[in-house]
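Chains, contacts and geometry: an overview
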Amino acid sequence: MPATPSTPRSGPRISTERRSDLARGYRTGSSRYDRVRPGYPEASADWLLPPGARTAADIGAGTGLFTRLLIQRELEVTAIDPSEDMLAVLRERLPAVRILAGTAEETGLVPGSVDVVAIAQAWHWCDPEKAAVEAARVLVPGGTLAVLWNQLDVSIPWVHRLSRIMHAGDVYSPGYRPDFGPHFAEPESKQVKWSQALSTSDVIDLARSRAYYQRADAATRSKVERNLSWYLHDYLAFPAGAGLALPYFTSAWRARSET
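Residues numbered from 1 in each chain as written. Predicted model: local features only at pLDDT ≥ 70, side-chain atom pairs only at ≥ 80, totals over all residues. Heavy atoms only, no water.

Brief notes about the environment of Met86
Examined against the element boundaries, Met86 turns out to sit in helix H5 (residues 84-93). With 22 residues separating them along the chain, Met86 and Gly64 place their C-alpha atoms 8.4 Å apart. (Helix = DSSP H or I, 4+ residues; strand = E, 2+ residues; numbered from the N terminus.)

Structure follows, in structure tokens:
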């Protein structure tokens, strides 16, 4: 249902320089990213996509974790990302997908060319005003901007502590809603709770896949790994290599273009 006007609109503010610095962490390690990062619930994809949609741009596609759901729903997809390392994995996994090097602010698409612009796990990397303007430009009249992201469910105490050790706390506060600007109708939202099955070694690899770890020095990386191993195996008492269910929630937002 639509977000209420009283809901806070503010989210994380990352300078252009800081965003570029953190994003450099995703120029390597894409195979690990693809293996341990969570996908997205089927229910979120089904809710986001409008009836009759045939074409989509998956912006910030990375290794194609959301691209796969779009293809499964028989959309013709153009995958866009600035990281060639990420796109190399996507190209291997989904060889039939059209791929462009680009960003949410400069997609390289022609005007009015897609029914859906999807931005999965990448909204916090965007300049939101420029990304919304670019989405409106490339969408057909009445097309849909579909934005979603996964966050660890830090309402659960052990997950909250895990997120702190991983430096993977909430990107957005629970009350956050994106502002898509004057070219879009008021966004609607849906949240889905679910769990990802991982081993304890996968959880450590999950930390390694994050921007904080990627941009850290060797001493900081070693500290993160030691703390995680202690927390998982000594404090939580998981045997080495044991499986666990890591709780997430997926926030999804959709808005109709009014241009």
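Focus: the packing of helix H8 (residues 200-208) against helix H10 (residues 218-235)
Following both chains from N to C, one finds H8 and H10 inclined at 150°, their axes separated by 10 Å at the closest point. Here H8 is positioned roughly antiparallel relative to H10, judged by the angle of their axes. Where H8 crosses over H10, the two elements pack in a sense that is right-handed. In contact with Thr200, Val203, Ile204, Ala207 and Arg208 of H8, H10 contributes Val224, Glu225, Leu228, Ser229, Leu232 and His233. (Axes fitted to C-alpha atoms, helices over the stretch in contact; angles between N-to-C directions. Parallel < 35°, antiparallel > 145°, perpendicular 65-115°, else oblique. Left-handed = near helix turned anticlockwise from the far one by under 90°. Contact = heavy atoms within 4.5 Å.)

Points about the pattern of salt bridges
Should the charged atoms of two oppositely charged side chains come close, the side chains can pair. Scanning the entire structure with this criterion turns up 14 salt bridges. Across the pair Asp34 and Arg68 runs a salt bridge, and its minimum N-O distance is 2.5 Å. In this pair, Asp34 sits in helix H2 (residues 30-36) while Arg68 sits in helix H4 (residues 67-72), placing the two residues 34 residues apart along the sequence. The class of Arg68 is partly exposed, set by a relative accessible area of 24%. Note that Glu92 and Arg93 form a salt bridge whose closest N and O atoms lie 3.8 Å from each other. A residue is classified by how much of its surface remains accessible, and Glu92, at 60% relative accessible area, is exposed. (Salt bridge = Lys/Arg side-chain N within 4 Å of Asp/Glu carboxyl O. Buried < 20%, exposed > 50% of the residue type's maximum accessible area, 1.4 Å probe, protein only.)

A few points about the nonpolar core
Of all hydrophobic cores here, the largest spans 26 residues; its most connected members are Val117, Ile119, Trp123, Leu145, Phe180 and Phe184. Of all the elements in the fold, those that place two or more residues in this core are strand S1 (55-59), strand S4 (114-120), helix H6 (128-138), strand S5 (139-152) and strand S7 (243-256). Sort the elements by how many residues they give to this core and H6 lands first, with 5 residues. Apart from the residues lying within four places of it in its own chain, the contact partners of Trp123 are Pro128, Ala131, Val147, Trp149, Tyr172, Tyr176, Pro178, Asp179 and Phe180. (Core = buried A, V, L, I, M, F, W, Y, C linked by side-chain atoms within 4.5 Å.)

Here's the deal with H5
Within the sequence span of H5, burial applies to Met86, Leu87, Val89 and Leu90. One face of H5 carries all of its buried residues, which in axial projection span an arc of 155°. Looking at the buried residues of H5, the elements they touch are H2, H4, strand S2 (76-81) and strand S3 (98-101). (Arc of directions from axis to C-beta.)

Structural notes on the packing of helix H7 (residues 157-166) against H10
Where H7 meets H10, the axes come as close as 9 Å, and the angle between the chain directions of the two elements is 160°. The pairing of H7 with H10 is recorded here as roughly antiparallel in orientation. Taken together, the residues of H10 that come into contact with H7 (itself represented by Trp158, Arg161, Leu162, Ile165 and Met166) are Val224, Asn227, Leu228, Trp230, Tyr231, Leu232 and Tyr235. Of the residues belonging to the contact of H7 with H10, the class tally is 10 nonpolar, 1 polar and 1 charged. (Nonpolar A, V, L, I, M, F, W, Y, C, P; charged D, E, K, R; others polar.)

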